[in-house]
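# Coordinate analysis (summary)
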Number of protein chains: 2
Amino acid sequence: MSRTAGVKKPARWADAVPAREAQFEIKRRALVREAARAFGRRGFHNTSLEEVAEALGVTKPALYRYVRTKHEILYEAKTIAFDAGAKARDMAAAATADPLERLRLYIIHYIDLVTSELGSYAVLAEPVTSLPPEYANPIRARMREADRALREMVQAAMDAGAMPPGDPKLAVAFFMGAINHIARWYTPDGPLTGRQIGEIFADFILNGLRGPRAGS
Amino acid sequence: MSRTAGVKKPARWADAVPAREAQFEIKRRALVREAARAFGRRGFHNTSLEEVAEALGVTKPALYRYVRTKHEILYEAKTIAFDAGAKARDMAAAATADPLERLRLYIIHYIDLVTSELGSYAVLAEPVTSLPPEYANPIRARMREADRALREMVQAAMDAGAMPPGDPKLAVAFFMGAINHIARWYTPDGPLTGRQIGEIFADFILNGLRGPRAGS
DNA sequence: CCTACCGATCGGTAGG
DNA sequence: CCTACCGATCGGTAGG
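Residues numbered from 1 in each chain as written. Chains lettered and ligands numbered in written order. Predicted model: local features only at pLDDT ≥ 70, side-chain atom pairs only at ≥ 80, totals over all residues. Heavy atoms only, no water.

## Notes on the overall build of chain A
When helices and strands are tallied, chain A shows nine helices and zero strands. Put simply, chain A runs from its N terminus to its C terminus through helices and strands in the order α-α-α-α-α-α-α-α-α. For 216 residues, the compact-globule estimate of 2.2 N^0.38 gives 17 Å, and chain A exceeds it by more than 25% at 21 Å. The burial tally for chain A puts 45% of its 216 residues in the buried class. The long-range share in chain A, meaning contacts at least 24 apart out of those at least 6 apart in sequence, stands at 69%. About 11400 Å² of surface is accessible on chain A, with carbon and sulfur atoms providing 54% of the total. In chain A, the 31 positive side-chain charges and the 25 negative ones have mean positions that sit 5 Å from each other. (Helix = DSSP H or I, 4+ residues; strand = E, 2+ residues; numbered from the N terminus. Rg over C-alpha atoms; globule rule 2.2 N^0.38 Å. Buried < 20%, exposed > 50% of the residue type's maximum accessible area, 1.4 Å probe, protein only. Contact = heavy atoms within 4.5 Å. Areas by Shrake-Rupley, 256 points an atom, 1.4 Å probe, with all protein chains shown as cover. Lys, Arg positive; Asp, Glu negative; His and termini not counted. Charge placed at Lys NZ, Arg CZ, Asp CG, Glu CD.)

This is the structure in structure tokens:
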């Protein structure tokens, strides 16, 4: 026991390194989140890194310890938002096999995430053309991936007879337009929580897609 | 008769002046439309006037015969989009007094306009903060005006018992997010016309707002 | 993490 | 409507 302990480096060192790395990651995350909010509100090119730095209480060059380019920040911010969408889909898929319920849970969970991030998911509105190809292409791939997964969810509900047959692509364009818009108007000061908005939107969307003959 | 004619300036002149003004207006409109499309696709600050000029087959300084600043172009483009919304509301109001049908007609007409303008209404996604106060403030006023008018339409439908009572603000945020998103994905090459999209979206929206017990 | 600075882009103008 | 150009902003780097 004491021999094993002797072989290890002192605990302070062993912990200090991860701690420093963790600090770095935390700061990097804060930077991306803050920038994402600003990009979402004022647009990517209309937001200078000087402004982002000021909001974080540092100077612009300091940001370059954590990111290499402004493009990388936008890329990261969009990636985080797509990760949230994927997480919401996974949670919904794990919770139930019922296609309609799955769609409902996805909507609620995704809106919950969107509203908890104080507008940083509004970056999704930023055109992918603001990025050079090496960043734009992976983002486009993730857009297609999300689109495909959602269309499959809608198609499954149609196949199960839970909603009338139709074009899943149009249905997804419909409700994702509404959902992604939330990040641009939601504020925690409002009367509704993200969860409440999610439930109301889920009703709007599912009732809309099911049509007037929905009897349940 | 010949005396009156003698007093008038020759017809060629009398017609030429309006013709020149009309030309000017046509060119100005083409400039704003082209810029609006580019702003909507790539963002305001990510679109240089050099690019807009090139798309129109002229050089950048030539644009300044028609507009004073880049901000003015964005302001104009947004104004045109708001005018379209107001026109759609007026057409709907003139066509029927039934609140639900009015809302349906508004949706169909507005989407029809949106899809006929080849993406130039996507400028609505451009943050109003891209503009200096003297332009941003009137735009904000028009946003509030449109919002209020739509909320009143929804409220009227609720009051008439055509849809269950609820928060009209949330309902409007819901469907305007979906509708304004159309300008960002619609292309005339697709299988559906703007009219068809409008009818499907109107069904989605009205069924969504009416809820599962809608029996008609 | 800061001060100082470079280089490129781009809105807008002069002058014709 | 064009050529030529100015001035400001801003992403990114040097050097500490």
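Following the structure, the description resumes.
## Quick notes on the packing of aromatic side chains
Counted according to the given criterion, the structure contains 17 aromatic pairs over all chains. Residues A:Phe39 and A:Phe44 carry aromatic rings whose centres are separated by 4.9 Å and whose planes lie at 75° to one another, so their mutual orientation is edge-to-face. The class of A:Phe39 is buried, set by a relative accessible area of 1%. The exposure class of A:Phe44 is buried, given its relative accessible area of 2%. Arranged with centres 6.5 Å apart and planes meeting at 40°, the rings of A:Trp185 and A:Phe201 form a pair that is tilted. You can see A:Trp185 sitting in helix 8 (residues 168-185) and its partner A:Phe201 sitting in helix 9 (residues 194-210), a full 16 residues away along the chain. Here the aromatic cluster, defined as three or more aromatic residues joined through ring pairs, consists of A:Phe174, A:Trp185, A:Phe201, A:Phe204, B:Phe174, B:Trp185, B:Phe201 and B:Phe204. Positioned over the ring face of B:Phe44 is B:Lys70, at 4.4 Å from the centre of the ring. (Phe/Tyr/Trp six-rings, centres within 6.5 Å; stacked < 30°, edge-to-face > 60°. Lys NZ or Arg CZ within 6 Å of the ring centre and 35° of its normal.)

## So, empty space enclosed by the protein
Going through the model one piece at a time under the given rule, you end up with one cavity of 30 Å³ or more. Roughly 190 Å³ of internal volume is contained in the largest cavity. In this structure, the largest cavity is lined by 25 residues; those nearest its centre are A:Gly43, A:Glu126, A:Pro127, B:Glu126 and B:Pro127. Elements represented by at least two residues in the lining of the largest cavity include exactly helix 2 (11-42) of chain A together with helix 2 (11-42) of chain B. Residue composition of the lining of the largest cavity, grouped by class: ten nonpolar, nine polar and six charged. (1 Å grid on protein atoms, 1.4 Å probe; cavity = no way out; pocket = protein on both sides within 12 Å on 5 of 7 lines; lining within 4 Å. Points joined across faces, edges and corners; volume = space filled by probe spheres on them. Nonpolar A, V, L, I, M, F, W, Y, C, P; charged D, E, K, R; others polar.)

## Observations regarding the protein's contact with DNA strand C
In the neighbourhood of DNA strand C, 15 residues make up the surrounding shell, with A:Thr59, A:Tyr66, B:Leu49, B:Lys60 and B:Lys70 lying closest. When atoms of DNA strand C within 4 Å of the protein are sorted by moiety, sugar and phosphate together comprise 54%. The contact in question runs from a phosphate oxygen of DNA strand C to an N or O atom on the backbone of B:Thr47, over 3.4 Å. Take B:Leu49: an N or O atom from its main chain is 2.9 Å from a phosphate oxygen of DNA strand C. Of all the elements in the fold, those that place two or more residues in the surface near DNA strand C are helix 4 (60-63) of chain A together with helix 4 (60-63) of chain B. Tallied by class, the residues present in the surface near DNA strand C amount to seven nonpolar, four polar and four charged. (Near = heavy atom within 4 Å. Polar contact = N/O pair within 3.5 Å; in protein donor to acceptor, adjacent residues only side chain to side chain.)

## Side note on unusual backbone geometry
Residues and elements named next belong to chain A. Located in the positive-phi region is Leu 118, a residue other than glycine, with phi close to 50°. Looking at the secondary structure, you find Leu 118 in the loop between helix 6 (99-116) and helix 7 (133-159). A residue is classified by how much of its surface remains accessible, and Leu 118, at 45% relative accessible area, is partly exposed.

## Thoughts on the environment of B:Val172
Considering the arrangement of structural elements, one finds B:Val172 in helix 8 (residues 168-185). Sequence-distant contacts of B:Val172, that is, excluding residues within four places in its chain, are made with B:Asp147, B:Leu150, B:Arg151, B:Val154 and B:Gly177.

## Some thoughts on the environment of A:Gly198
Note on placement: A:Gly198 falls in helix 9. Those residues in contact with A:Gly198 that lie beyond four places of it in its chain are A:Ile107, A:Ile108 and A:Ile111.

## Re the relation of the copies chain A and chain B
Mapping chain A onto chain B calls for a rotation angle of 180° and an axial translation of 0.0 Å; the resulting RMSD is 0.0 Å. Such a combination of turn and shift is consistent with a two-fold rotation axis. (Least-squares fit on C-alpha atoms with pLDDT ≥ 70 in both.)

## Some thoughts on the protein's contact with DNA strand D
Neighbouring DNA strand D are 15 residues, the closest being A:Lys60, A:Tyr64, A:Lys70, B:Thr59 and B:Tyr66. Backbone atoms, meaning sugar and phosphate, make up 56% of the atoms of DNA strand D lying within 4 Å of the protein. At 2.9 Å from a phosphate oxygen of DNA strand D is found a main-chain nitrogen or oxygen belonging to A:Leu49. Taking A:Lys60, its side chain carries an N or O atom lying 2.7 Å from a base nitrogen of DNA strand D. Secondary structure elements with two or more residues in the surface near DNA strand D: helix 4 of chain A together with helix 4 of chain B. Taken together, the residues of the surface near DNA strand D sort by class into seven nonpolar, four polar and four charged.

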